[in-house]
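# Examining the three-dimensional arrangement
This is what each chain is made of:
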Amino acid sequence: MGYKLLRQLFIRLSAQVGAPAPGGQFAHYKEDLYLYGQRAFGVPPDRHYRMLHLAGEEKPPIVVLSVIVIEAEGLEAKDANGFSDPYCMLGIQPVAAPSSPQPQPVTPSRTLSDACGGIGGGIGLGGGGGGDASSGNHEKLRKHHSFKLSFKRKDGRMREHRDSLGGALPAKFIRATSVKPHTLNPRWNEKFRFDIDDNSDSLHLDIWDHDDESSVLEAVRKLNEVRGVRGLGRFFKQVCQSARQSSQDDFLGCVTIPLQDIPSTGLEGWFKLEARSQRSSVQGRIRLKMWLSTRENRGISEEDNWTELMQHESLYATFIDYELRSWNKETWTWNGDLPGPALTILHQHAVQGDLTDLQTAIAHFVAASRVYLKNPLDPRWMLQLLTDIEHAWGGATLTREEEMWLAESFTAMLERWMHQLRHHRQLFPALHAPSLTRLEHVLRCLAYLSNMKAFWKCCPFNKEIRGEIVATLRKGTPEWMNNLKNSIMAGEEYDHSFVDFLSEIFIHLQHARSHYHPLFEGTNGIPYFSVVFKQMDKLLSDEVMTFLSQQDHPDSRLIFSVYLEVKDLATFNQHLPSGGDHKLLLPKCYEWFEPSVSCWLSICKGKALQRVRMAVDLEKPCEGDRLVKHSTSAVDIEAMFCQLRDFWRLLQWPKAHSIPLLSQLLDCICSAALLYADIVYQRLMETGYFDRPGPFKICDEMGIAANNLEYIYKFISLLENYFDFVTLESIASESQCATLTNQLDSTLSQLQARVIDILQRVGPQMQETLKKTMFHVAWSPDTLPTNQAVDPLFDYLYTNLQSLNLSLLPQNFQRVLFEIWEYTLVELNYQMDGGTNSEELPAMFHERLHSALDLMVEFFLADGQGLSLETLHSETYYHVEQRLQYHRTDTESLVEIFYSQRLQEQLNTMTTPYGSLAVRAYFNHDSLCVEVLHARDIIPLDPNGFSDPFVIIELLPHRVFPHCTEQQTNVHKKTLHPIFDECFEFSVSLEQCRSPGAMIAFTVMDHDVLTANDFAGEAFLALGSIPGVADTVGVDNFHGLKPVELILMQQHQKSEFLTLSLGNLVYWGHV
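Now for a look at the structure at hand. (Residues numbered from 1 in each chain as written. Predicted model: local features only at pLDDT ≥ 70, side-chain atom pairs only at ≥ 80, totals over all residues. Heavy atoms only, no water.)

Residues spaced three or four apart along an α-helix point in a common direction, a consequence of the helix completing one turn every 3.6 residues. Taking 1.5 Å of rise per residue, 16 residues should cover 22 Å, and helix α11 (residues 357-372) covers 22 Å from first to last C-alpha, within 8% of that figure. Among the 16 residues in α11, 14 count as buried, and that is most of the element. (Helix = DSSP H or I, 4+ residues; strand = E, 2+ residues; numbered from the N terminus. Expected span 1.5 Å × (residues − 1). Buried < 20%, exposed > 50% of the residue type's maximum accessible area, 1.4 Å probe, protein only.)

In structure tokens, the structure reads:
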């Protein structure tokens, strides 16, 4: 087969057709073409020469000119309606040889109708061209049927010349198009084929306006139906004579194209119409497409080139195989470019075989497909071959045989590409850039194929390619996973190799998302990652469930490792398209592992408690550059807690389902922390620290114990933020969140109580010394300045606080500092109460104590290094500072402060056991009216279980209302709910009522005859809030005012600062 094809090739090469292609394309020496053919077919030199010799002796093939008359435009109007009815006559015009040595006169352009009119007696016409080819110039002229003479009736000279031998005219190659009525821009698109005897001939075309049925057109049509030389000549003579007599067709123009000007690539374009003489004028142009080919007389239709098509495919495949054999790299790196001689050979073969562009593109694709099935080729080249087919498809049609041939190649390549996609992970590794490029172009080939008209024409029943790709991926994923599992896991048992298997799956999914998915999505619109992950989700879920269903898993680390891998795999679901119910299993993997994790946490609690005891038994003080003392047990336990915390972080349990396990984890941590606190506290107690009396002396055991517990306290206090309780509160139930919060709060409060209990022993041990030094401050002579009187106190505090600061953590030191501050304030307060009642206090006693208090605040503030000002201003501080302020205040102001406090108490009191009093008060026309309406639930003060109540009304303070005496209601006997309904008027001004602190005091008394009246309760009403005072508008309808119900109060806090101060003032005679 190969040698036969090569022999046919040599015959074709020896008879090249067409002028050189534009730009020098397909222009190679025949010797180069012969040599390339020899190498490609692998023919030995001796046989190659014999084949060349035999090819030279073969009869050359017949050259054929194919012409498509496409359209014309801008023709001249010949009919009365402003249009024409154009048709074309075209044929081969040979070049006439001269009849004598003398030069012939120049003859104007002739038409094909002229040729028809010039047929005379004795001229032989026929399909074969009659006459002997070796007879002189006249015989050659008869052979080529010259068109140089006119067929129409001319003058006598022309008739004589027509009858001469030199006027022999042909009719063999005359063809005519159809008539296009009523148009100046006709479109024919009709094809004609002419056998060529001489490459020097020309194509001649006339355009005529058709006028009646007996025209040159009809004559030519009948002429071309004649078979046989003699019959053709007689009939053409009659037709031309009839045409000369009627002469109704009007000439519209002509075109002559030398065959030598037609390149091997063909010629297509617009040609300007020419006139037949200098006196006539034409207009317009015509569009033609022409190409040359060859044929052999095989007794089949001239249009049938199936043999040439098959030869062309075999030739192209042979050249590809030869180039691949010469290629020293991977076959898929060859880009499909053939050398120049190969392209020239293929071009000449296609031209001479009259292969269309579509047939050539199909043959190339079929050949490349045949090679692709054996050797992987560059898919970019295959994509180009598909593109060539689609571009050449247009309106062309294929024979059924050709369609089936192309369909077989389409199907084979589709199967091949699907096979590659099925194994794309092995064939196109994600980290190998050239392989990814190949995969991309394979996908582009499939995407282009799915939109090709040629594909769906040849394969109308094929499945949709995009769906086939998805199905292929779904088939390939289980196969790949099974192969991967077998390559990693030795047997059916699940050991740590199962973790490696899951890790490889994770890496692949990363590659799938970052490398494969963009290729499939960008080329074919396939959600690759979604397709693959959904399938892997089901397959991996089955594997994990099988793993967990094993009877025993003594190695909890293996379960935990598997969970971590599965949890990481589940995170890929966030890369799936949103808005769809994907029904994935891996995101719920926590449900599979929850029993195992819960069991592990239970075991972990026991081990944590055991580790606490071991850490305490092995503890020793930490040595180093750090001045703060602590032991190794706190460091070990905090490290254990960090491991548990990090374990929870690695779990990444869904927050909505994490409460039960998190509660277990917190219980483990909190139980270990409380156990440690109990052990540390008990060990400190065994040292006798809590039973040690003063004076205070720093000890290492106390500092280490407090610091150890503070380490643990600080870690646990951060767990609320680390476990994100805020988010849990938004998604979990209130009871669940309360459980977690209570666990932490309870543990923290117990730890803090332990630390405070340890540090609280510092104050009592310092108390005796603080009392002595504070006594020195209070009772030093007035001649000794206060800043010197406090020196012993501050020296003592500075020495001990410096030692405590070095021994304790900052938080613990702050606690101790506050404890000492409170004890110092207590001793200062004690000194205020320490004066005897028998003799008078020093004149500057309280001034000295107040100055000492200010110095103490400055000392404990320590320029921002000690307690904060807010901490220093504690309740005890305000107690002491207020007492000192009272002692520095005059009596009248002190009384006003007392009543202002009682008024504030009235406003803050909502209920008491002493009952209530209803009153109404208003200011009207320079007088204050006070109505005492009634009282309820007055306390019984008489033995009979009742009281005899009356109310005393008084305006306060006295300095504002110096002339207003108190008034009282009538006494109501034996009642606890008296109704008074009495009105009292006080002559006061509006300015007095608006004075700061102005109020009405109501005192409820129980009237006794023999003894002093008993106090039942009191109430206060601010004058600034009553009608007429609160606003400037007078009160006209005072009976419509709403009564005010005041709660009756009694003062039980006999130790109240102000009360004590007032009592002292009374005692010393100031009131």
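From this point, the discussion proceeds with the structure in view.
Moving on to the environment of L52. Here L52 is to be found in helix α3 (residues 45-57). Counting along the chain gives 46 residues from L52 to L6, while the straight-line C-alpha distance between them is 9.6 Å.

A separate point is the packing of helix α9 (residues 306-326) against helix α13 (residues 400-422). Axis separation between α9 and α13 bottoms out at 11 Å; the angle between their running directions is 20 degrees. Classified by the angle between their axes, α9 and α13 sit roughly parallel to one another. Read as a crossing pair, α9 and α13 show a hand that is right-handed. Seen from α9, the contacting residues are W306, L309, M310 and E313; seen from α13, they are E401, E402 and W405. Across the contact of α9 with α13, the residue classes break down as four nonpolar, no polar and three charged. (Axes fitted to C-alpha atoms, helices over the stretch in contact; angles between N-to-C directions. Parallel < 35°, antiparallel > 145°, perpendicular 65-115°, else oblique. Left-handed = near helix turned anticlockwise from the far one by under 90°. Contact = heavy atoms within 4.5 Å. Nonpolar A, V, L, I, M, F, W, Y, C, P; charged D, E, K, R; others polar.)

Next up on the list: the environment of Y316. As for its position among the elements, Y316 is in helix α9. According to the relative accessible area criterion, Y316 is buried, its value standing at 5%. Sequence-wise, Y316 and T360 are 44 residues apart; in three dimensions their C-alpha atoms are separated by 9.9 Å. Filtering out sequence-adjacent residues up to four positions away, Y316 remains in contact with L338, L346, H364, A367, W381 and L385.

Attention shifts here to the sheet that holds strand β12 (residues 967-968). Pairing in this open sheet of four strands is antiparallel, and the strands run β12-β11-β14-β15 from one edge to the other. Across the chains shown, the open sheet's two edge strands, defined by having one partner strand only, are β12 and β15 (1014-1022). (Pairing = 2+ DSSP bridges.)

Strand order in the open sheet formed by four strands is β13-β10-β9-β16, and the pairing between neighbours is antiparallel. Each of the sheet's edge strands pairs with one partner strand only, and the pair in question is β13 (979-986) and β16 (1044-1047). Neighbour-to-neighbour, the strand axes of the sheet open up by a mean angle of 25 degrees, direction not taken into account. Bridge count between strand β9 (residues 916-923) and β16: four bridges; the pairing is antiparallel. Paired with L917 across the bridge in β16 is L1046.

This paragraph deals with the packing of helix α19 (residues 528-548) against helix α20 (residues 556-570). For the pair α19 and α20, interaxial distance at closest approach is 12 Å and the crossing angle is 170 degrees. The orientation of α19 with respect to α20, classified from their angle, is roughly antiparallel. When the axes of α19 and α20 are compared, the crossing they make is left-handed. Between α19, through F533, L540, V544 and F547, and α20, the contact on the second element is made entirely by L558, I559, V562, V566 and L569. Residues that form the contact of α19 with α20 fall into these classes: nine nonpolar, no polar and no charged.

Let us now look at the pattern of salt bridges. One pass over the full model with this rule turns up 25 salt bridges. In this structure, E73 and R285 form a salt bridge, with 2.6 Å as the shortest nitrogen-oxygen distance. With E73 in strand β1 (residues 62-73) and R285 in strand β8 (residues 285-295), this pair connects stretches of sequence that are 212 residues apart. Judged by relative accessible area, R285 falls into the partly exposed class, the value being 34%. Ionic pairing is found between D378 and R380, a salt bridge with its closest N-O pair at 3.4 Å. The exposure class of D378 is buried, given its relative accessible area of 5%. Judged by relative accessible area, R380 falls into the partly exposed class, the value being 47%. (Salt bridge = Lys/Arg side-chain N within 4 Å of Asp/Glu carboxyl O.)

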